[in-house]
Amino acid sequence: MVGFMGAEGRGALAVLRQAGWMSQQQTYVARSSRLVPGKQACATCTRRRRHHHHYLVPHPVQSHRPVAQAMLGNALCSRQGPTGRRLASQCAGNPNSTLPLALSQEVAAALANNLPIVALESTIISHGMPFPDNLQTALEVEQVVRDGGAVPATVAIMDGMIRVGLDESQLDTLARCGQEATKTSRRDLAAVVASGKLGATTVAATMIAAHRAGIPVFVTGGIGGVHRGGHVSMDVSADLIELGRTPVAVVCAGVKSILDIGRTLEFLETHGVTVATVGQSREFPAFFVPRSGFHSHLALATAADCAKVVDANLSLGMDSGMVFAVPIPEAASAGCEAIEEVIQDALADAEAHGIVGKDVTPFVLARVNQLTSGNSLRANIALVKNNAAVGAQIAVHLASARSQRTATASAPPSAPPAAPPSAPPSA
């Protein structure tokens with residue numbers, strides 16, 4: 001039966017065994033109308049189900065379950081059509097739901113082998129930079145992740161599927177399409193998937209996809225936040241809400257400078273989001289420049305320190321994400337010293353043109369790039385590469401720690417020391 005699944009199916013079985021969900025002897029039903037052995041039902045399901053592709057496992061680690069679901073759904077879709085897609089719903093507590101998540105072969109193999117993976121968003125490609133800079137940057141950022149020892153997983157919506165891991169042709173399609181792609185946050189996911197249109201995922205949507213796929217580390221340029229005047233307009237990025245309810249670590253260069261950084265940090269604190277600056281100082285970066293005048297609530301000196309905090313967050317079963325703010329290197333921020341004055345001009349232009357909502361950020365970033373004669377774009381590219389290098393290090397340390405713990409847990413117990421020989425009875 002396992003042979004029917006191919007490499008991805010066997011990889012999913014490996015994930016389940018390594019996570020402690022099933023022994024080598026337990027059975028996966030690939031094409032059967034009844035459950036075996038003994039007609040057992042999945043412990044997560046509320047009743048016995050007579051569906052294809054059902055794992056007979058207790059799922060003690062909730063955060064890992066989507067990994068196998070997505071991998072097996074990916075493996076089965078081409079063979080079984082809608083039946084393969086329904087894999088996710090069989091053990092998810094909602095028999096009527098589907099999980100249209102497609103993993104690339106590289107990402108699926110990395111998950112199967114507990115390798116470090118870094119999720120990457122796609123809005124920065126479609127809406128953050130012009131073509132061909134966006135394509136070149138996307139390829140270079142993925143290479144930085146690989147050079148750091150991790151597997152890149154760029155997320156986008158294509159053909160009605162949330163794709164985790166894009167090949168070069170898919171990246172090219174997204175880059176050329178640019179702002180014609182739908183900027184997709186949480187509220188847009190269902191509509192974009194249903195329409196089959198091309199969607200570029202924001203921080204919020206990428207966090208959702210990464211969490212569903214079992215990827216705990218995500219790199220971006222900068223997160224969204226409370227817009228200037230947001231205390232009046234209530235214009236608050238969905239990224240902040242997602243950080244409060246999705247346990248993914250986001251590595252970034254802080255909050256985009258065009259936003260209200262102080263209120264953004266207050267909002268994150270209210271929602272229980274850990275915010276740490278990576279380095280010796282608690283100074284919170286401001287995207288284009290390394291200092292904002294605000295502070296994170298802690299500093300973590302190294303990527304290894306960050307990985308320990310991520311590991312603890314996952315082990316505690318926390319529902320909130322984390323922000324690891326990486327200051328842009330001083331040399332890369334050259335030419336952006338007077339960025340605040342430029343941002344004010346760009347915001348005024350946006351207001352004059354009636355730009356509102358999710359269109360504000362890409363408009364203002366493009367305008368800032370014009371007003372800085374390209375310096376802001378060069379800084380943007382440099383900072384996202386720097387973030388990718390740090391994110392890869394965090395993912396490597398995290399994967400190492402989790403693999404070591406899994407190996408320790410699965411090791412057979414050592415035999416107790418032999419008792420010393422008893423002394424012969426005295427005469």
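Source: prediction; values computed, not measured. (Residues numbered from 1 in each chain as written. Predicted model: local features only at pLDDT ≥ 70, side-chain atom pairs only at ≥ 80, totals over all residues. Heavy atoms only, no water.)

## Digging into the overall build of the protein
For step 1, the next point in the chain: Along the backbone of the protein there are 17 helices and 13 strands.
For step 2, the next point in the chain: In the protein, which comprises 427 residues, the share counted as buried stands at 51%.
For step 3, the next point in the chain: Expressed as a percentage of contacts within the protein between residues at least 6 apart in sequence, the contacts between residues at least 24 apart total 72%.
For step 4, the next point in the chain: Just so you have it, the protein exposes about 19,000 Å², and 53% of that area is on carbon and sulfur atoms. (Helix = DSSP H or I, 4+ residues; strand = E, 2+ residues; numbered from the N terminus. Buried < 20%, exposed > 50% of the residue type's maximum accessible area, 1.4 Å probe, protein only. Contact = heavy atoms within 4.5 Å. Areas by Shrake-Rupley, 256 points an atom, 1.4 Å probe, with all protein chains shown as cover.)

## Quick notes on the layout of surface pockets
For step 1, the next point in the chain: Volume-wise, the second largest pocket comes out at about 590 Å³.
For step 2, the next point in the chain: In terms of lining, the second largest pocket is formed by 33 residues, of which the most central are Lys-183, Thr-202, Ser-237, Lys-358 and Thr-361.
For step 3, the next point in the chain: Contributions of two or more residues to the lining of the second largest pocket are made by α6 (123-126), β7 (182-184), α9 (186-195), α12 (238-243) and α16 (360-371).
For step 4, the next point in the chain: Tallying contributions element by element places α16 first for the lining of the second largest pocket, with three residues. (1 Å grid on protein atoms, 1.4 Å probe; cavity = no way out; pocket = protein on both sides within 12 Å on 5 of 7 lines; lining within 4 Å. Points joined across faces, edges and corners; volume = space filled by probe spheres on them.)

## Things to note about empty space enclosed by the protein
For step 1, the next point in the chain: For the coordinates displayed, the defined rule picks out four cavities of 30 Å³ or more.
For step 2, the next point in the chain: Computed from the structure, the largest cavity encloses a volume of approximately 140 Å³.
For step 3, the next point in the chain: Along its surface, the largest cavity is lined by 14 residues, and Glu-121, Ile-124, Ile-125, Val-141 and Val-384 are the ones closest to its centre.
For step 4, the next point in the chain: Mapped by element, the contributors of at least two residues to the lining of the largest cavity are α6 and α7 (133-147).
For step 5, the next point in the chain: Tallying contributions element by element places α7 first for the lining of the largest cavity, with four residues.
For step 6, the next point in the chain: For the lining of the largest cavity, the residue count by class is eight nonpolar, five polar and one charged. (Nonpolar A, V, L, I, M, F, W, Y, C, P; charged D, E, K, R; others polar.)

## Comments concerning unusual backbone geometry
For step 1, the next point in the chain: Of note, the amide linkage connecting Phe-131 to Pro-132 takes the cis form, showing an omega dihedral of 5°.
For step 2, the next point in the chain: For Pro-132, the position within the fold is in the loop between α6 and α7.
For step 3, the next point in the chain: Even without being a glycine, Asn-114 presents a positive backbone phi close to 55°.
For step 4, the next point in the chain: Mapped onto the fold, Asn-114 is located in the loop between α5 (105-112) and β4 (117-120).

## Topic: the nonpolar core
For step 1, the next point in the chain: Counting residues in hydrophobic clusters, the biggest one holds 105 residues, and the most contacted among them are Val-107, Val-164, Ile-215, Ile-223, Phe-324 and Ile-394.
For step 2, the next point in the chain: Sequence-distant contacts of Phe-324, defined by excluding residues within four places in its chain, comprise Ala-249, Val-250, Val-251, Cys-252, Ala-276, Val-278, Leu-300, Cys-306, Val-310 and Ile-394. (Core = buried A, V, L, I, M, F, W, Y, C linked by side-chain atoms within 4.5 Å.)

## Topic: the pairing of strand β13 (residues 322-325)
For a regular strand, the rule is simple: side chains alternate between the two faces of the sheet.
For step 1, the next point in the chain: What you see with β13 is no split at all: Met-322 and Phe-324 on one side and Val-323 and Ala-325 on the other are buried throughout.
For step 2, the next point in the chain: Here four bridges tie strand β10 (residues 249-252) to β13, and the two strands are oriented parallel to one another. Its bridge partner being in β13, Cys-252 is matched across the sheet by Ala-325.
For step 3, the next point in the chain: Looking at chain direction, strand β11 (residues 274-278) and β13 are connected through four bridges and run parallel. When the sheet's bridge partners are listed, Thr-277 is paired in β13 with Ala-325. (Pairing = 2+ DSSP bridges.)

## A look at the environment of Asn-380
For step 1, the next point in the chain: As for its position among the elements, Asn-380 is in helix α17 (residues 375-410).
For step 2, the next point in the chain: With a relative accessible area of 6%, Asn-380 lands in the buried category.

## Regarding the pattern of salt bridges
For step 1, the next point in the chain: Evaluated as defined, the whole model comprises 11 salt bridges.
For step 2, the next point in the chain: Glu-242 is the salt-bridge partner of Arg-186, the closest N and O atoms lying 2.6 Å from each other. In this pair, Arg-186 sits in helix α9 while Glu-242 sits in helix α12, placing the two residues 56 residues apart along the sequence.
For step 3, the next point in the chain: Here Arg-186 falls in the partly exposed class, since its relative accessible area comes to 34%.
For step 4, the next point in the chain: Its relative accessible area of 1% is what places Glu-242 among the buried residues. (Salt bridge = Lys/Arg side-chain N within 4 Å of Asp/Glu carboxyl O.)

## Structural notes on the side chain of Thr-201
For step 1, the next point in the chain: Relative to the helices and strands, Thr-201 is located in strand β8 (residues 199-201).
For step 2, the next point in the chain: Take Thr-201: its relative accessible area is 0%, and that puts it in the buried class.
For step 3, the next point in the chain: In this structure the side chain of Thr-201 is engaged in a polar contact, spanning 3.0 Å, whose partner is the backbone oxygen of Val-155.
For step 4, the next point in the chain: Among the polar contacts made by the side chain of Thr-201, one reaches the side chain of Thr-206 at a distance of 2.8 Å.
For step 5, the next point in the chain: Those residues within four positions of Thr-201 in sequence are excluded, and the remaining contacts are Glu-121, Ser-122, Thr-123, Val-155, Ala-156, Ile-157, Thr-184 and Thr-206. (Polar contact = N/O pair within 3.5 Å; in protein donor to acceptor, adjacent residues only side chain to side chain.)

## Focus: the pairing of strand β5 (residues 151-158)
For step 1, the next point in the chain: Burial analysis of β5 places eight of its eight residues in the buried class, which makes it a mostly covered element.
For step 2, the next point in the chain: Alignment of β4 against β5, held across four bridges, turns out to be parallel. Across the sheet, the residue bridging to Leu-120 is Thr-154, located in β5.
For step 3, the next point in the chain: Bridge analysis of β5 against strand β6 (residues 161-164) gives four bridges, and the strand direction is antiparallel. Bridge pairing links Ala-156 to Arg-163 in β6.

## Some details on the confidence of the model for the protein
For step 1, the next point in the chain: Model confidence for the protein is summarised by a mean pLDDT of 80, while 73% of its residues fall at 70 or above.
For step 2, the next point in the chain: Confidence over residues 1-8 falls short of pLDDT 50; this stretch has 21 contacts with residues more than four positions distant or in other chains.
For step 3, the next point in the chain: A low-confidence stretch, residues 73-97 stays under pLDDT 50, and its non-local contacts, those more than four residues away or across chains, total 52 contacts. (pLDDT = per-residue confidence, 0-100.)

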